[in-house]
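Here's the letter readout for the chains.
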Amino acid sequence: MPELPEVEGVVRALRPVVEGKTIEKVITSSTIQTSYENGKESIVKKSSPQTFAKALVGMQITEIERRAKYIFFHLMREGNRYLFVNHLGMTGAWFTVNTLAEITEDKFRRHAHVIIQFTDKQLLVYADIRRFGECRLIEKISDHPPLLKMAPEPFVKEAEDFFIEQSEKTKYANKAIKEVIMDGQVISGCGNIYATEALFTMKINPLRKTSQISESSKRLLFHAIVNILQESIDFGGSSISDYRNINGEAGTMQNRLKMYGRKQCPICQSETTQVSIGGRTSTYCDNCQQ
DNA sequence: CCTCAAGACCGGCTGC
DNA sequence: TGCAGCCGGTCTTGA
């Protein structure tokens, strides 16, 4: 389950390998082609996989950027700029290889859906087991309006005030704080794992209504989120279920998580509580988190 | 116009 | 062994 730190790891690994390269050929899987023919948008959005594949030919990757949990491949061809927007969904992963056989894990290799070949014959492969990810080719951000609504990057200085301002909107007042910090229009890139951890650090019950949390607590919570995201980036992300970085390697942040996936509270040893908040499983300590 | 709920996109995994 | 049901990030659609 890649969240912001995992995506950051992918981007950092991709940059030195693919920036500056030019796309010679793109192949998409028959699986997503069949889905398209059945009227489904599987991975490739707003275009048929074949149209998408053709459109990428001749493009040079000028820059790779992470924005929230998205990867932006900035592209250029004949002086025109384009943007290849990628989201890893639940189980997406990028591999840079010479042949598909080099993807050693079966479950990824069997689900290679977008295979990009550069002019130097190297392959950049997008594999996605459950196909919740997305690949979208646009010219500019405004071509896909939801991207305009994303909160600023959590590490920029405006992000904290933006969070406070958003969290005070009436539509969030009665929502559980956990649901609000996981909303990309409030904070960018805070998914289930890191929301769970930050709330545990701050001893805040994830079910608490947003309106019942003071501004100063929210500011502290914001810093807890930023800190856990940064810590995770520093430790290579959390390798839970299907996340792999570009080299197929796993991060070690999962070993540092104190509440996510735990049966027992590391502070008071009592059994943790599982509830569904906003449709997602949430773990917390009923004793320590008020 | 806004808000909210439900639907869409999936296959590995768990548990009966 | 078989298979139904669960899980979940984000956008889209419908009410």
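For the structure itself, look to the data block above.
As a starting point, this report considers the structure included with it. (Residues numbered from 1 in each chain as written. Chains lettered and ligands numbered in written order. Predicted model: local features only at pLDDT ≥ 70, side-chain atom pairs only at ≥ 80, totals over all residues. Heavy atoms only, no water.)

## Here we look at the layout of surface pockets
Stated precisely, the cut-off is as follows: Buriedness of a pocket was judged along seven lines, with at least five required to meet protein on both sides within 12 Å; pockets are open sets of points on a 1 Å grid over the protein atoms alone, cavities are sets where a 1.4 Å probe fits but cannot get out, and lining residues have an atom within 4 Å of a point. Grid points are joined across faces, edges and corners, and a volume is the space filled by probe spheres set on the points. Starting at the N terminus, helices and strands are each numbered in turn, a helix being any DSSP run of H or I of at least four residues and a strand any DSSP run of E of at least two. Amino acid classes used here: Ala, Val, Leu, Ile, Met, Phe, Trp, Tyr, Cys and Pro are nonpolar; Asp, Glu, Lys and Arg are charged; the rest, including Gly, are polar.
A volume near 770 Å³ is recorded for the largest pocket. If you trace the largest pocket, you find 28 residues lining it, with Lys 69, His 87, Met 182, Gly 191 and Arg 280 closest to the centre. The dominant element in the lining of the largest pocket, judged by the number of residues it contributes, is strand β10 (residues 280-284), at 3 residues. Split by residue class, the lining of the largest pocket holds 11 nonpolar, 12 polar and 5 charged. The space that makes up the second largest pocket amounts to roughly 190 Å³. Taken together, Lys 45, Lys 46, Ser 47, Thr 51, Phe 52, Ala 55, Arg 136, Leu 137, Ile 138, Asp 143 and His 144 make up the full set of residues lining the second largest pocket. At the level of elements, α3 (49-56) and β8 (134-138) are the ones that each hand at least two residues to the lining of the second largest pocket. Counted by class, the lining of the second largest pocket contains 4 nonpolar, 3 polar and 4 charged residues.

## Quick word on the protein's contact with DNA strand C
As a reminder, the rule being used: One heavy atom within 4 Å of a molecule or strand makes the whole residue count as near it. Distance and chemistry together define a polar contact, namely a pair of N or O atoms within 3.5 Å, with one atom able to donate a hydrogen and the other to accept it when in protein, and with adjacent residues in sequence counting only for side-chain atoms on both sides.
In the vicinity of DNA strand C, the residues found are Met 1, Lys 69, Tyr 70, His 87, Met 90, Arg 130, Phe 132, His 144, Pro 146, Gly 279, Arg 280 and Thr 281. Restricting the count to atoms of DNA strand C within 4 Å of the protein gives a sugar and phosphate share of 67%. For DNA strand C, a phosphate oxygen lies 2.8 Å from a polar atom in the side chain of Tyr 70. A distance of 3.0 Å is found between a phosphate oxygen of DNA strand C and a side-chain nitrogen or oxygen belonging to Thr 281. Looking at side-chain class alone, the surface near DNA strand C contains 5 nonpolar, 4 polar and 3 charged residues.

## Brief notes about the packing of helix α8 (residues 192-201) against helix α9 (residues 215-234)
As a reminder of what qualifies: Axis geometry follows a simple rule: fit a line to the C-alpha atoms, using only the stretch in contact for helices, then measure angles between N-to-C directions, giving values from 0 to 180 degrees. An angle counts as roughly parallel when it lies under 35 degrees, as roughly antiparallel when it exceeds 145, as roughly perpendicular when it falls between 65 and 115, and as oblique in every other case. Crossing chirality is assigned from the near helix's rotation relative to the far helix, an anticlockwise turn below a right angle marking it left-handed and a clockwise turn marking it right-handed. Contacts: residue pairs with any heavy atoms within 4.5 Å of one another.
The N-to-C vectors of α8 and α9 enclose an angle of 125°; their axes lie 9 Å apart at closest approach. Judged by the inter-axis angle, α8 sits oblique to α9. As for how α8 packs across α9, the hand of that crossing is right-handed. On α9, the residues touching Tyr 194, Glu 197, Ala 198 and Leu 199 of α8 are Leu 221, Ala 224, Ile 225, Ile 228, Leu 229 and Ser 232. Among the residues forming the contact of α8 with α9, the class breakdown is 8 nonpolar, 1 polar and 1 charged.

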